[in-house]
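Working through the structure, step by step
Single-letter residue listing:
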Amino acid sequence: MTAFSLDPGQTAWCEELYTLARDELRPLAEKGEPGHVNRPLVAALGGLGLLDRLLGSGALDLCLLRESLARGCTEAETALALQGLGAGPVRQAGTESQRARWLPEVRAGRAVAAFALSEPGAGSDAAALALAARPAAGGWRLSGEKCWISNAPEADFYTVFARTGEGAGARGVTAFLVPADRPGLTGTALDMLSPHPIGALDLDGVPVTSEDVLGEPGRGFRVAMDTLNLFRPSVGAFAVGMARAAIDATLEHTAHRTAFGAPLKDLQAVSHQVAEMATRTEAARLLVYAAAAAHDAGEPGVPRRAAMAKLYATETAQYVVDAAVQLHGARALRRGHLLEHLYREVRAPRIYEGATEVQRTIIAKELYATQETPA
């Protein structure tokens, strides 16, 4: 396999995942309440072995999972991805006892995980974390706020990043595994444009000990960045999956909808628009696969390639879904239409896990870092 093609087995697996998402997972998703964790859906992901596959996969497998599920059911894709994002630091940096306690529960779909990095004053600038971990008998006390946390406040445990040292920026940040039943930990759901659960957390002297540390004290920022470098290309895969769903719907609509005495597809303005949508989506897809393959191979330049994939794919998906809505006309604006759903879903990925502007900054820094310093 090269970075730019999938073998027949992978292609067949992607089609199976798409069919599974469309036929089995979407009905469960439709029964869920927007803005809340859909535990039957999470349990189904566990029962089908997809969460086990998620936690044992590299970046490319993760991208194939997310793209294929998103094409058939965005809620299933998001539920799966959030489990990986929240539990990824435990798999990556957790102790043997932490992994034994939580990972089997996540794999089975019985425990819901969350990645608690962002704060009211620290979103795209993750190094600006202010949540304090103050020394206390037996460990630390966590005090402060987290905001824009997916699966909050309904998760069963959180990977929480807090400042244990006095250093500025990335220095002095420690990652903690914090069960949801710890005293002093409360949360509030946020009513957001996208339908998946997002909330804020309030930590009022939440007790943690050395047994709750993920990795090493003061090295938590590396845990966060390693997790995000793995997931950023797969955010692009999520976007590609939504774009493909929009193209599928557009092909069906324009082939059968008539206007001015002929199918819409016979109008050059329409057919050329569809061609542009498909071309940009394929380019985004290949960029995502290449970034994921580079990550799995341990090649240099992974942050730059991951940023490029996330940037281009999410911006492309926004364009494709918007164009699909335009070609469908007013029917696509009706509540409950697939494209109305995608239109709300597609906006958020351009912001979370590093906004588009942050991705451009990462790319530029990486490019200039390769230049020789003038004599």
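Here the structure is a predicted model, which means the values were calculated and not measured. (Residues numbered from 1 in each chain as written. Predicted model: local features only at pLDDT ≥ 70, side-chain atom pairs only at ≥ 80, totals over all residues. Heavy atoms only, no water.)

As a further point, take helix α8 (residues 268–297). When the terminal C-alpha atoms of α8 are compared, their 43 Å separation across 30 residues agrees well with the 44 Å that a helix rising 1.5 Å per residue should span. Count one or two residues on from α8 and you reach G298, which has phi positive near 70°. (Helix = DSSP H or I, 4+ residues; strand = E, 2+ residues; numbered from the N terminus. Expected span 1.5 Å × (residues − 1).)

Glancing now at the packing of aromatic side chains. Scanning the entire structure with this criterion turns up three aromatic pairs. Taken together, a centroid distance of 4.6 Å and an interplanar angle of 40° make the contact between W102 and F157 tilted. With W102 in helix α6 (residues 96–108) and F157 in strand β4 (residues 157–163), this residue pair connects regions lying 55 residues apart in the sequence. Between W140 and F176, the ring centres sit 5.3 Å apart and the planes meet at 65°, which makes this aromatic pair edge-to-face. Placement of the pair is W140 in strand β3 (residues 139–150) and F176 in strand β5 (residues 173–179), with a sequence separation of 36 residues. A relative accessible area of 17% means that W140 is categorised as buried. (Phe/Tyr/Trp six-rings, centres within 6.5 Å; stacked < 30°, edge-to-face > 60°. Buried < 20%, exposed > 50% of the residue type's maximum accessible area, 1.4 Å probe, protein only.)

As a further point, take the pattern of salt bridges. Taken as a whole, this structure holds 20 salt bridges when the rule is applied. Measuring nitrogen to oxygen at the nearest pair gives 3.0 Å for the salt bridge that ties E105 to R110. For E105, a relative accessible area of 24% translates into the label partly exposed. In this structure, R335 and E340 form a salt bridge, with 3.0 Å as the shortest nitrogen-oxygen distance. (Salt bridge = Lys/Arg side-chain N within 4 Å of Asp/Glu carboxyl O.)

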